[in-house]
Amino acid sequence: MLWKTKPVEEQPEITLTFWPLIKVAGDDLTTLHLIGRADTGGGRVSSAILDFDQERLVAKTVSGRVYKLEGAQSIDDDALYVLEHWIGNNSFSFIRLEEVLFVAGACNA
């Protein structure tokens, strides 16, 4: 089951666990996103990433939301489920998962 994302004003910050960065390509646009398990429950796909602090493991997205990353860099089944639906519901005429990117030096505990 999928839930509607709360507005950034109500939920400006989310912590993700079991996360990778993903590169998504569609039409003439390639963007980076985070997927993972949110501290609010269930899987999550972020909007496109504007800024990523690799040392602090914090990302800011085009929506203005801040994601803090904790724990292992791995792929969560709930996040993949949400990603599949996100791709299917996206307005791109063509989209594909280009690459899963792992951040060097990030904790894998």
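Keep in mind the model is a prediction, meaning the values are calculated, not measured. (Residues numbered from 1 in each chain as written. Predicted model: local features only at pLDDT ≥ 70, side-chain atom pairs only at ≥ 80, totals over all residues. Heavy atoms only, no water.)

Student: Help me understand the pattern of salt bridges in this model?
Tutor: Applying the stated rule across the entire model yields 4 salt bridges. Across the pair Lys68 and Glu13 runs a salt bridge, and its minimum N-O distance is 3.3 Å. Within this pair, whereas Lys68 is found in strand S7 (residues 66-69), its partner Glu13 is found in strand S1 (residues 13-17), the two being separated by 55 residues in sequence. You can call Glu13 partly exposed: its relative accessible area is 41%. Of the charged contacts, one joins Asp53 and Arg56 as a salt bridge, the two residues approaching to 3.3 Å between their closest N and O atoms. Connected through salt bridges with shared partners, the residues Arg37, Asp76 and Asp78 form a single ionic network. (Salt bridge = Lys/Arg side-chain N within 4 Å of Asp/Glu carboxyl O. Helix = DSSP H or I, 4+ residues; strand = E, 2+ residues; numbered from the N terminus. Buried < 20%, exposed > 50% of the residue type's maximum accessible area, 1.4 Å probe, protein only.)

Student: What's the story with the pairing of strand S2 (residues 21-26) in this structure? I'm lost.
Tutor: Successive residues of a regular strand alternate their side chains across the two faces of the sheet. For S2, the buried fraction is high: 5 of the 6 residues fall into the buried class. Sheet topology note: the S2/strand S3 (residues 29-38) ladder contains 6 bridges and is antiparallel. The partner of Val24 across the bridge, within S3, is Thr31. Where S2 folds back onto S3 in an antiparallel hairpin, the turn is made up of 2 residues, including Asp27, whose phi is positive at roughly 50 degrees. (Pairing = 2+ DSSP bridges.)

Student: Could you clarify how one ought to interpret the layout of surface pockets in this entry?
Tutor: To find leftover empty space, one rolls a probe the size of a water molecule over the atoms. What the largest pocket holds in volume is close to 580 Å³. Taken together, 26 residues make up the lining of the largest pocket; nearest its centre are Trp3, Lys4, Thr5, Gly43 and Arg44. Contributing elements (two or more residues each) for the lining of the largest pocket: strand S4 (43-45) and helix H1 (77-89). Grouping the constituent residues of the lining of the largest pocket by class yields 9 nonpolar, 12 polar and 5 charged. (1 Å grid on protein atoms, 1.4 Å probe; cavity = no way out; pocket = protein on both sides within 12 Å on 5 of 7 lines; lining within 4 Å. Points joined across faces, edges and corners; volume = space filled by probe spheres on them. Nonpolar A, V, L, I, M, F, W, Y, C, P; charged D, E, K, R; others polar.)

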